[in-house]
Amino acid sequence: MAGFLLDYTRYRVPTDDKFSLGDIGPGDSQGLVKERDGQEVEERLARVQVRLDELQHRLFAESKQALLLVLQAMDTAGKDNTIRRVMAPLNPMACRVTNFKSPSGAERARDFLWRVHSHIPRKGSIGVFNRSHYEDVLIARVHGLAPPDLIDKRYDHINDFERMLNDHGTRIVKVMLHISKDYQLKRLKRRLKRTDKHWKFLPDDLRDRERWDDYMEAYEIMLQRCSTSYAPWYVIPAENRWLRNLIISQLLLDNLEDMNPQFPEPQFNPDDYPPEAIT
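### A look at the nonpolar core
Within the largest apolar cluster, 80 residues are counted, with the highest numbers of intra-cluster contacts made by M87, Y134, V175, M222, L223 and W233. When neighbours within four sequence positions are excluded, Y134 is seen to be in contact with V70, Q72, I158, E162, K174, M222, C226 and W233.

### Observations concerning the packing of aromatic side chains
If you walk through the whole model with that rule in mind, you get 4 aromatic pairs. On the basis of an interplanar angle of 80 degrees and a centroid distance of 4.9 Å, the ring pair of F100 and F129 is categorised as edge-to-face. Here the residue F100 occupies a position in the loop between β2 (95-99) and α3 (105-108), and F129 occupies one in strand β3 (residues 126-130), the gap between them amounting to 29 residues. F129 shares its class with F100; the two are buried. Aromatic side chains F268 and Y273 sit 5.6 Å apart centroid to centroid with 85 degrees between the ring planes, which places their arrangement in the edge-to-face category. For the cation-ring pair, R154 lies above F112, with the distance from its terminal atom to the ring centre recorded as 4.8 Å.

### Overview of the packing of helix α2 (residues 79-87) against helix α10 (residues 241-259)
Two numbers describe how α2 lies on α10: the axes approach to 10 Å, and their chain directions differ by 60 degrees. The angle between the axes of α2 and α10 places the two elements in the oblique class. Handedness of the crossing formed by α2 with α10: right-handed. Across from N81, T82, R85, V86 and M87 in α2, the residues of α10 making contact are R241, R244, N245, I248, S249 and L252.

### A few points about the side chain of H178
Within the fold, H178 resides in strand β4 (residues 170-178). Aside from chain neighbours lying at most four places away, what touches H178 is L21, I24, G25, P26, V235, I236, P237, A238 and E239.

### Overview of the pairing of strand β1 (residues 66-73)
In terms of residue burial, β1 counts as a mostly covered element, since 8 of its 8 residues are buried. The two faces of β1 match: A66, L68, V70 and Q72 on one face and L67, L69, L71 and A73 on the other face are all buried. As paired elements, β1 and β3 share 5 bridges and run parallel to each other. In the strand pairing of β3, L68 is matched with G127.

### Things to note about helix α8 (residues 203-210)
Looking at α8, one finds that the buried residues are D205, D208 and R209. One face of α8 carries all of its buried residues, which in axial projection span an arc of 105 degrees. Turned more than 90 degrees from where α8 packs its buried face, P203 and E210 sit exposed. For α8, the secondary structure elements touched by its buried residues are α7 (181-193) and α9 (212-226).

### Remarks on the packing of helix α1 (residues 34-62) against α10
α10 packs onto α1 with a crossing angle of 30 degrees between their chain directions and a minimal axis gap of 9 Å. Between α1 and α10, the crossing angle belongs to the class labelled roughly parallel. Taken as a pair, α1 and α10 cross one another with a handedness that is left-handed. Facing K34, G38, V41, E42, R44, L45, V48, Q49, R51, L52, L55 and L59 of α1, the residues of α10 in contact are W242, L243, N245, L246, S249, Q250, L252, L253, L256, E257 and M259. Residues of the contact of α1 with α10, tallied by class, amount to 13 nonpolar, 5 polar and 5 charged.

Basis of the calculations
- Residues numbered from 1 in each chain as written.
- Predicted model: local features only at pLDDT ≥ 70, side-chain atom pairs only at ≥ 80, totals over all residues.
- Heavy atoms only, no water.
- Core = buried A, V, L, I, M, F, W, Y, C linked by side-chain atoms within 4.5 Å.
- Buried < 20%, exposed > 50% of the residue type's maximum accessible area, 1.4 Å probe, protein only.
- Contact = heavy atoms within 4.5 Å.
- Phe/Tyr/Trp six-rings, centres within 6.5 Å; stacked < 30°, edge-to-face > 60°.
- Helix = DSSP H or I, 4+ residues; strand = E, 2+ residues; numbered from the N terminus.
- Lys NZ or Arg CZ within 6 Å of the ring centre and 35° of its normal.
- Axes fitted to C-alpha atoms, helices over the stretch in contact; angles between N-to-C directions.
- Parallel < 35°, antiparallel > 145°, perpendicular 65-115°, else oblique.
- Left-handed = near helix turned anticlockwise from the far one by under 90°.
- Pairing = 2+ DSSP bridges.
- Arc of directions from axis to C-beta.
- Nonpolar A, V, L, I, M, F, W, Y, C, P; charged D, E, K, R; others polar.

Any functional reading would require information that these geometric values do not contain.
Dropping the structure here:
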């Protein structure tokens, strides 16, 4: 495409354990300015989403592969808005969003991956996790919801789980929406000022905000331990929402292009059924 260059590889977490959230600015825009470049960003997003729709159609027809987008973030980072903007043009028949809340009693009575596995997208589909199995090494770590030695083992459990999914044809794209503590404060205040946003405010958000540094430490450990060659993590700056949507859409598009789904061969000879002979 003509115009500016967009590099999301700078946000990919390396697999050598050498990573710090401080290396990525939550407001990074790669030199782009909304007032100057916003219109071109929206136009490019529209073109990317047209291609996403085309590849989703082929993915559904082929029914041999699946794509899973995992979204993790602190409160107010924009997970819901990201899903709405990025996934809007896709066919809902072959796209499913799963929101993970606090586990139920039945879920707590089983291993931590049990409730996740049944929501993995079927072949031919795209799945989105709004929060995910990573809550069990984030909130569980910060609030001591499981023994420390068990949490430490969960990173390997997750890597093995995702390797198995990859081996069976599920491409995994993992995105952390990165914001600052100051940005979160502005968004929380916005929720309290607007009556149409009150439903999104929870007092527990303030409790977690008090543990911001603990969460950042938990995120860094998670990103270092669970960014793999087959399921890498990307820390996407999320304070410029107008650019965030394009970066994530391009990331999904490039993964689908690499998967290269194909329409299946017909189970009949088309020459035997000329259209003009059908009545």
